[in-house]
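# Structural description and commentary
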Amino acid sequence: MDIHSHCEPERVRVTHASLDLEVDHAKKEIRGTVVLSLDRPDREAPLVLDAKGLAIESVKGSDGGVRLWSLGPEDASLGSALTIELLWADTTVRIAYRTTERSEALQWLGPDQTADRAEPFLFTQGEPIFTRTWIPLQDSPGVRITYDARVRGPEGQTVVMSAEQAGKDAEGAFRFRMDRPIPPYLIALACGRLEFRPISERCGVWAEPSVVDRAREEFADTEKMVQAAELLFGPYRWGRYDLIVLPPSFPFGGMENPCLTFATPTVLAGDRSLVSLVAHELAHSWSGNLVTNATWSDFWLNEGFTVYFESRIMERIYGVERARMEAQIGLADLEREMKELEPRDQVLHIHLRGRHPDDGFTGVPYVKGALFLRRIEEVFGRGSFDRFLRSYFDAHAFRSITTGQFVQYLERELFSLDRALAAQIDLHKWLEEPGLPEDAPRPQSKTLVEVDLQIGRWKAGTAPGDLETRGWVTQPWLHFLEGIGDALDAGAMAKLDEAFRFTSTGNSEVLDVWLRLAIQHRYAPADTRLENFLMTVGRRKYLEPLYKEMVKTGEGKVRANAIYAKARPLYHAMTTGTIDEILGRKK
């Protein structure tokens, strides 16, 4: 049972959604119809869907006749149960509806919030339980469906979706089809002034005109990544793999919508040092999209596998040292984060009853999950573990599974082959207990050892300009800044800024850490850049630590609230939910 959905799929299950929609920027609404195809094991049962922030206008059955429907009490997180009474012969229902200002999945952007500042833009974000705010359906990762869509956008704008493009019809509507069953959170749409650039026969980039060529250059290795992934864990099963670079308010680094990864422009560093994001979202084509967590308590099955898989892709394309460097930084980030997490939130198989699934979106399912898989590889050997993983993806392809089902498969297909080796891995400790087990792998990067030497030199009094930093890209700079953070003051930051121009850097990863340190050490020359960053970037990974640092002082909290009052309308609902909580705002 999915505690984050009202649906009862064991009685009546949705198998396909056929959308016919219109995007209206002026009214900030999507309106139209969805026809849901049904599997009905219990012919006496009604159809129960999830809905939140939707205006339901009518419901009709297979024969075109009106069907009785009702919306149950609304839960602040889950929305309402939309219950539809069915006739015996109904195999479909047709729902006419429109979205409202409460449809949290939709981010409506004015022209001034886009890169080109020319036309409005819309994108959706369905994960974890926001699809129910723009489509009435069974919004559970355990209910996989196929879908097709016909979408009309404004004249001159392009509509793209997480599906195969099927061209335009005679009326100029864009058509799409997804014939492989996916969880509803992967249904995604974007609409705006977009251009396309190919990378290979099956890969390419969508973006606004001023961004698209830069994005194509940054993501030029995408086809190589797809090929590397296929060599590791089997064929890519989704046809095309394209990316779309969205405006800066996108709340995530990336979102693995099938056929079309949604990506933040903050990864366009100019040196491909942040393209591990592409490897990560591509890896979801196996872990997450092909094999999906059945509930949000099993989220680590999506993300832990993906971080592990991402590292393997990066290793194959860019070498072992690059992969180790990124893994070491990821572990350091996790350990810093876990110092602030309650024990219950440090558990891989997290308990979320009575909580929003977003509460489980920490570094734990990502990095701790990947370390767990790395530990199994360490014990059983890479060859044996790779064979297990390939069989795991094949055996569960296009299915949603639980942690318990994974453990059963692991025990049967790998642990049973060598019980002595299996005894070295405490599954309960890894999956059900907080913290990192003592046997957690600890990746070591030679490059970061060299950075440690420069940290030591700086702390011993070496001037910033005399440090050996030539050739450093994002990861060494992040390690350096985190390593000197406890020895800084405003004066030292001024000297570093003069040498390395951190306050004016265009690298969002480096800037985010620098701004956090600037808040902590009251480095006033960064204040203007901090406000500009908070006003123009919506990626939650960046905003959360900055607001958390600001509210540690009374003066900082006043400033945080003042900036947030202006910035909040520019953020996605996923981001505002997090920042509202940090600032103590009532929901």
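Before reading on, note that the structure itself is shown above.
Residues numbered from 1 in each chain as written. Predicted model: local features only at pLDDT ≥ 70, side-chain atom pairs only at ≥ 80, totals over all residues. Heavy atoms only, no water.

The next thing to look at is the environment of Ser103. Of note, Ser103 is situated in the loop between β7 (92-99) and β8 (106-109). Residue class for Ser103 comes out buried when judged on its relative accessible area of 4%. Residues Ser103 and Trp134 lie 31 residues apart in sequence; the distance between their C-alpha atoms is 6.0 Å. Among all residues touching Ser103, those that are not within four sequence positions of it are Gly53, Leu54 and Thr133. From its side chain, Ser103 meets the backbone oxygen of Thr133 in a polar contact 2.8 Å long. (Helix = DSSP H or I, 4+ residues; strand = E, 2+ residues; numbered from the N terminus. Buried < 20%, exposed > 50% of the residue type's maximum accessible area, 1.4 Å probe, protein only. Contact = heavy atoms within 4.5 Å. Polar contact = N/O pair within 3.5 Å; in protein donor to acceptor, adjacent residues only side chain to side chain.)

The subject of this paragraph is the side chain of Asp358. Position of Asp358 relative to the elements: it lies in the loop between α5 (320-338) and α6 (363-380). Within polar-contact distance, the side chain of Asp358 engages the side chain of Arg540 at 2.6 Å. Ignoring any residue separated from it by four or fewer positions in sequence, one finds Asp358 in contact with Pro128, Arg540, Met574 and Thr578.

Once that is clear, we can look at the packing of helix α4 (residues 300-318) against helix α7 (residues 382-395). At a minimum axis distance of 14 Å, the contact between α4 and α7 shows a crossing angle of 125 degrees. Here α7 runs oblique to α4, going by the angle between their axes. Between α4 and α7 lies a crossing whose hand is left-handed. Contacts from Leu301, Phe305, Tyr308, Arg312 and Glu315 of α4 reach α7 at Arg382, Phe385, Asp386, Leu389, Tyr392 and Phe393. Of the residues contributing to the contact of α4 with α7, the split by class is 7 nonpolar, no polar and 4 charged. (Axes fitted to C-alpha atoms, helices over the stretch in contact; angles between N-to-C directions. Parallel < 35°, antiparallel > 145°, perpendicular 65-115°, else oblique. Left-handed = near helix turned anticlockwise from the far one by under 90°. Nonpolar A, V, L, I, M, F, W, Y, C, P; charged D, E, K, R; others polar.)

Most of strand β16 (residues 203-207) sits out of view: 5 of its 5 residues are buried. The two faces of β16 match: Cys203, Val205 and Ala207 on one face and Gly204 and Trp206 on the other face are all buried. In the sheet, strand β15 (residues 195-198) pairs with β16 via 4 bridges, with the strands oriented antiparallel. Looking at the pairing, Pro198 lines up with Gly204 of β16. A loop of 4 residues connects β15 with β16, the two strands running antiparallel in sequence. As defined by bridge partners, β16 adjoins strand β17 (residues 241-245) across 4 bridges and the pair is classed as parallel. (Pairing = 2+ DSSP bridges.)

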